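The chain contents come next:
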Amino acid sequence: MSFLQKSEINNRRKNGANGSDRKLPSLAFRAGVLGGLAVLLFAVLIFRIWFLQVISGDDYIAMADNNRVRIIREEAPRGLIYDRNMQPLVENRAGLAVTVFPAAMVNPEAELAALSQAIGTPVEEIKQQLALHQEDTYRSVVVKKDITPEQKSFLIERIPLYFPGVDIKKFPLRSYPEENTAAHVLGHVGQIDEDELMDPRYSDYSPGDEIGKDGVEYQFDRYLRGTDGSREVEVDADGRPKRELQNIQSQPGNNVVLTIDTRMQKATEEALAGGIDLAHDSGYLSANGGAAVVMNPNDGQIYAIASYPSFDPDLWVGGISDADYENLNREGANDPLLNRAIAGQYPPASTFKVVTATAALEEDVVSPLTDFTCGGVWDVLSQPFKCWGAHGSVDMRTAIIQSCDIYFYNVGYRFYKADSLGIQRWASMYGMGRETGVDLPGEAVGRVPDPEWKRSFGQTEIDQMWLPGDSVNLSIGQGDILVTPLQLATTYAAIANNGRVVTPHVGLRVEDQVTGVELANLQPEEFTQLDVSLDTLQVIKDGLVGATGPGATVGDTFVGFTPQIAGKTGTAQVAGKTDYAWYVAYAPADDPQVVVAVLIEQGGGGGKVAAPVTRSILEAYFNIMQPAAPPPPEG
Amino acid sequence: MLTVEIRTYIRHLDYALLAAVLGLIVYGSVIIYSATHGDPDLPSPYYYLRIQMFAAVLGLIIMGMVAFVDYRGLRRYRMHIYVGVLAIIVMVYIVGSAVKGSQRWIDLGIFNLQPSELAKVGMVLVLAAYLADRPRGELEAQTTLTTLAYAALPALLIFFEPDFGSALVLVAITVAMLYLYGIRWTHFAVMAVAVSGALLLVLKALPAVGIHLLQQYQIDRLLVFLNPEHDPGGAGYNLMQSKIAIGSGMITGKGLYQGTQAQLNFLPEHHTDFVFSVLGEELGFIGAAVLFGLFMIIIWRGIRIMLIADNLFGSLVAGGILTMLLFQFFVNIGMTIGIMPITGITLPFISYGGSAMVSNMLAIGLLESIHVRSKLAGDRRYRRAQVTV
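Residues numbered from 1 in each chain as written. Chains lettered and ligands numbered in written order. Predicted model: local features only at pLDDT ≥ 70, side-chain atom pairs only at ≥ 80, totals over all residues. Heavy atoms only, no water.

Per the secondary structure count, chain A includes 22 helices and 23 strands. Based on the C-alpha atoms only, the size of chain A along its principal axes is roughly 155 × 75 × 45 Å. Per-residue burial for chain A yields a buried fraction of 54% across its 635 residues. Sequence-distant contacts, at least 24 apart, represent 71% of the contacts inside chain A between residues at least 6 apart. When the accessible area of chain A is evaluated, it comes to approximately 27500 Å², of which 50% is carbon and sulfur surface. Between the averaged position of the 52 positive side-chain charges in chain A and that of its 83 negative side-chain charges there is a distance of 13 Å. (Helix = DSSP H or I, 4+ residues; strand = E, 2+ residues; numbered from the N terminus. Buried < 20%, exposed > 50% of the residue type's maximum accessible area, 1.4 Å probe, protein only. Contact = heavy atoms within 4.5 Å. Areas by Shrake-Rupley, 256 points an atom, 1.4 Å probe, with all protein chains shown as cover. Lys, Arg positive; Asp, Glu negative; His and termini not counted. Charge placed at Lys NZ, Arg CZ, Asp CG, Glu CD.)

Time to look at the packing of aromatic side chains. Applying the stated rule across the entire model yields 36 aromatic pairs over all chains. Relative to Tyr580(A), the ring of Tyr346(A) lies with its centre 5.6 Å away and its plane at 55°, an arrangement referred to as tilted. With a gap of 234 residues between them, Tyr346(A) in the loop between helix H13 (340–343) and helix H14 (353–362) and Tyr580(A) in strand E22 (residues 580–587) connect regions that are remote in the sequence. An aromatic cluster is present here, built from Tyr303(A), Phe558(A), Phe561(A), Tyr583(A), Tyr621(A) and Phe622(A) joined pairwise through their rings. Above the ring of Phe154(A), the side-chain terminus of Arg158(A) is found at 3.8 Å from the ring centroid. Its end group placed over the ring of Trp300(B), Arg301(B) keeps NZ or CZ at 4.6 Å from the ring centre. (Phe/Tyr/Trp six-rings, centres within 6.5 Å; stacked < 30°, edge-to-face > 60°. Lys NZ or Arg CZ within 6 Å of the ring centre and 35° of its normal.)

On to the confidence of the model for chain A. Here chain A averages 90 in pLDDT, and 95% of its residues register 70 or above. Segment residues 1–20 of chain A: pLDDT under 50, and 34 contacts once partners within four positions in sequence are set aside and those in other chains are kept. (pLDDT = per-residue confidence, 0-100.)

All names here are of chain A. Entries for chain A in the domain assignment read domain 1 (68–258) and domain 2 (262–624). Once you take the C-alpha centre of each, domain 1 and domain 2 turn out to be 42 Å apart. The partner domain 2 presents 38 residues to the 42 residues of domain 1 that form the contact. Between domain 1 and domain 2 lies a buried interface of about 3200 Å² when both sides are counted; carbon and sulfur atoms form 58% of it. The three residues of domain 1 that bury the most area against domain 2 are Arg-84, His-184 and Val-257, which together make up 21% of that side's buried surface. Remark: the boundary between domain 1 and domain 2 carries one salt bridge. In this structure, Lys-266 engages Glu-178 in a salt bridge whose closest nitrogen and oxygen atoms are separated by 2.6 Å. Applying the counting rule to domain 1 against domain 2 returns 13 residue pairs in polar contact (both at pLDDT 80 or more). (Domains from an automatic or database assignment. Buried area = accessible area lost by both parts, 1.4 Å probe. Salt bridge = Lys/Arg side-chain N within 4 Å of Asp/Glu carboxyl O. Polar contact = N/O pair within 3.5 Å; in protein donor to acceptor, adjacent residues only side chain to side chain.)

Strands belonging to one sheet form pairs held by backbone hydrogen bonds; the direction of such a pair is parallel or antiparallel. Residue and element names in this part refer to chain A. In space, the five strands of this open sheet follow the order E12-E11-E23-E22-E21, with antiparallel pairing throughout. Of all the strands in the sheet, just strand E12 (302–308) and strand E21 (566–572) have a single pairing partner and so form its edges. The sheet shows a mean angle of 5° between the axes of neighbouring strands, taken without regard to direction. The sheet contact formed by E21 and E22 spans seven bridges and is antiparallel. (Pairing = 2+ DSSP bridges. Axes fitted to C-alpha atoms, helices over the stretch in contact; angles between N-to-C directions.)

Glancing now at the nonpolar core. Across soluble globular proteins, nonpolar side chains have a tendency to be buried as a group. Among the nonpolar cores identified, the biggest contains 108 residues, and Phe276(B), Leu291(B), Val317(B), Phe329(B), Ile333(B) and Phe349(B) are the most heavily contacted of them. The element contributing the most residues to this core is helix H12 (residues 275–308) of chain B, with 15 residues. Once you skip the residues sitting within four places of it in the chain, Phe329(B) turns out to touch Phe42(A), Leu45(A), Leu291(B), Phe292(B), Phe295(B), Leu347(B) and Pro348(B). By size, the runner-up hydrophobic cluster in this structure holds 99 residues, among which are Val354(A), Phe372(A), Cys404(A) and Ala489(A). (Core = buried A, V, L, I, M, F, W, Y, C linked by side-chain atoms within 4.5 Å.)

The next point concerns the pattern of salt bridges. Pairing between side chains of opposite charge can happen when their charged atoms approach one another. Residues and elements named next belong to chain A. The final tally for this structure, using the stated rule, is 36 salt bridges over all chains. With a shortest N-O distance of 2.8 Å, Glu-601 and Arg-340 are connected by a salt bridge. Of the two residues, Glu-601 is situated in strand E23 (residues 594–601) and Arg-340 in helix H13; the sequence distance between them amounts to 261 residues. With respect to class, Glu-601 is no different from Arg-340; both count as buried. When salt bridges with common partners are traced through the structure, they connect Arg-73, Asp-204, Asp-209, Arg-225 and Asp-228 into a single cluster.

Let us now look at H14(A). All names here are of chain A. Taking burial as the measure, the 10 residues of H14 include nine buried ones, the bulk of the element. Looking only at H14, the buried set comprises Lys-353, Val-354, Val-355, Thr-356, Ala-357, Thr-358, Ala-359, Ala-360 and Leu-361. Following H14 by one or two positions, Asp-364 adopts a phi angle in the positive range, close to 55°.

Each pair of packed helices gets described by two things: the angle between the helix axes and the distance between those axes. It is at 8 Å that the axes of helix H2 (residues 27–55) of chain A and helix H7 (residues 164–181) of chain B come closest, and there the two elements cross at 145°. Contact residues: H2(A) offers Leu27(A), Phe29(A), Arg30(A), Ala31(A), Val33(A) and Leu34(A), while H7(B) offers Tyr179(B), Leu180(B) and Tyr181(B). For the contact of H2(A) with H7(B), the residue count by class is eight nonpolar, no polar and one charged. (Nonpolar A, V, L, I, M, F, W, Y, C, P; charged D, E, K, R; others polar.)

Residue and element names in this part refer to chain A. Taken in spatial order, the three strands make up an open sheet running E1-E8-E9, and their pairing is antiparallel. Each end of this open sheet is capped by a strand with a single partner; those strands are strand E1 (69–74) and strand E9 (241–248). Taking the axes of each pair of neighbouring strands and ignoring which way they run, one obtains an average angle of 25° across the sheet.

In structure tokens form, the structure reads like this:
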């Protein structure tokens, strides 16, 4: 007899005694209800799972991939920018950028607020960046470039716990080994904006891309820009990369070599700043801006192009702060971002006399020997026109040497009486009133006034008429005419090289960043040969050589300077301002290799301020770029 | 003689039930291994699997022993069991260890015991014994009230550990057993009104005067269920990730160990509360269907055992166990697919957890015991043996 049997019997006895233990008759029904309920519940679950897995499965696959796959853009380093001697002007450095992967954020509002605090970028800016990539949900979005090492270590420690969607990646950033040098030429890089995205020029760019915003960075963006790579990685819930799914290497952009000579550029910038100081020392205390161009007159290669005041291009690296940007644009900063050499428009004043002279000789208004008498005042018209001196009897050479206004008033008046627009025509042929075609963005065209322009521009009836005074004023580069320093340099280059109007340029060639192989020649081939007689030009050249002598308008600035130079002062009168000082020169006079144009805003007389600046620049040029040839061997 | 008896007992085990349970345990172990083997913080990739297997083996032994014990004998020990249930729950309050702000475990040195799991099975026995002992057909309100009182004490104690899920299971068991016993519909109606009133009191009236019976996270979970946008960072995030996991499994799944949601930790609690999400992601609709199939076998065999049990006590025990398993199965899976609130109820035989495994195996042991007894009653050889007494 086993224990089990015994218990069976005991139970049986007990049950029998109790009598209440018989199963209730309706239990089967209730068990059926329980079974039915089970079937119903199972059906509900199965139906729901079917809906999730079979009907909406594709959507959930996409969401699962969205969880785990991140595409991390690997920004291609831009091409480097070199000067003509392969000295780097713009390089790249390995920066760090903060990225956000919105889908991985658990509590976006709070995480973005904390991130904003950590990196010092307003939440709205971060959200703007994220909004740019709303449809590209796999991508992590760069929200801040160029963080400090402190910010990096702060974030790295907290990413797993507080910022699951945040990451830090390498991001190539611009660096400027020569600091402010050539800032206006180089320009800067920034994120493409909405308007630019609409521009056909940027048809193959996407939101968030870095583009050149100004200067060479803008002009040669298509060469400098590389091809971004991308890394597709699988991450876990904490955002830790687990494995790499795909890796497309970025292709660096190509290098651009400029015609700029860094040493010349620096010397020019220093000379220009020195010119401002000189103006201040000479009592022209409001002198506060200027420009200088140093160019090869024969092919238009720009060796140096300077604008004062300047700025630090490094401010834009990683995005310029609002404070810095406002500071640059504040009243009193005097537009440091403006490249005055190509975008500043000024009356050329006496430097324009070479154009009037060309027109007068070529249109036979005067002969080289025609002379006029300068008594200091010219009162042919109702209103007297003054000369800066009393030069007596002057022919054309003397008129250029002495910068005699009255000679040119007479010439201008003859053009008026002949109803001729010869001066305007020649000004245009020399390149004024239109773009020089320089390979820099933002070039201004200046203005060559003529009757038609006056008709459209004038407010009153009298203002709409071309008056004799207009021609007279134009003859000495005053009145309504405006030129840029680069236009003036191009004009003097054309005189120096016997009538060839070159296209000024800063681009030399494009080289492969990896191999250094030349990929493209950036030098423009086009130039215009003016139909101007050599005799005409010789008269003007003689005048320009004479104008550098001690008896002319520059004092002894160029006394003893070798080689011989040719040049012209200009002192532009601007309503309500102190005179603007010009000097334009080329050298050597008999075999021109360089042309220099200098402008000092409110610098006073061209001879006093602009000429010494030109001399410094030419000294630098002959020291640096054309060192005196060693004396030929004896015998 | 003894060997003959044991052979007779073994012959009368419900093998379909046993096979389904074993199938679930193996299935669950594979999923637990898949969900946990990649965890870098573990001493070994088999860490959780090993513990689960150990619990399963322990559970099988207990099941075997219980299956051979005459369950009817337990009826007399109703009060002993009840006091035991209350004692281990109270122990939690005294020596329990807290995990995630909730005190549910007793540290026994080699493993942590979760008394609420054992309490579920214990209460099935207590309530079945009490109801079976009522005079025949007694349907007085006193029976209902006493049953509720029996259940309320452990349920409230568990609720305040807090273990909302286990308390809910107890409520479900109690309601189902009252129904199976056959109390009047009016009693259910009164109960429904009382529960609604109590909920209003707890959720609205008492908080208004500064008394908070529910923890904030419990209220949050309820609110999240009603409106998943309520807290996308917390419980809503978990639910979303679970739905993504299951949905992205599609028909055939991503393959064992290949579930990106599970393997890359997007799924929370992927070896306990959300183990079904791992299964759904890696094995797809087909894998889920296999799980449902195995579970349906258990329900089917359970109802059959309820019907063939040779007394009311056995039927009620079987019905209580069935309700316990079915309720947990439905609520757990329902929670992973967003049709039930997230209550921390685990999936029987699948979710990682030793106490639950042992308790559930104990419950299966009881079902087997009921099955064996009812079969023995109709067995001729057994009857012959009885004659020889």
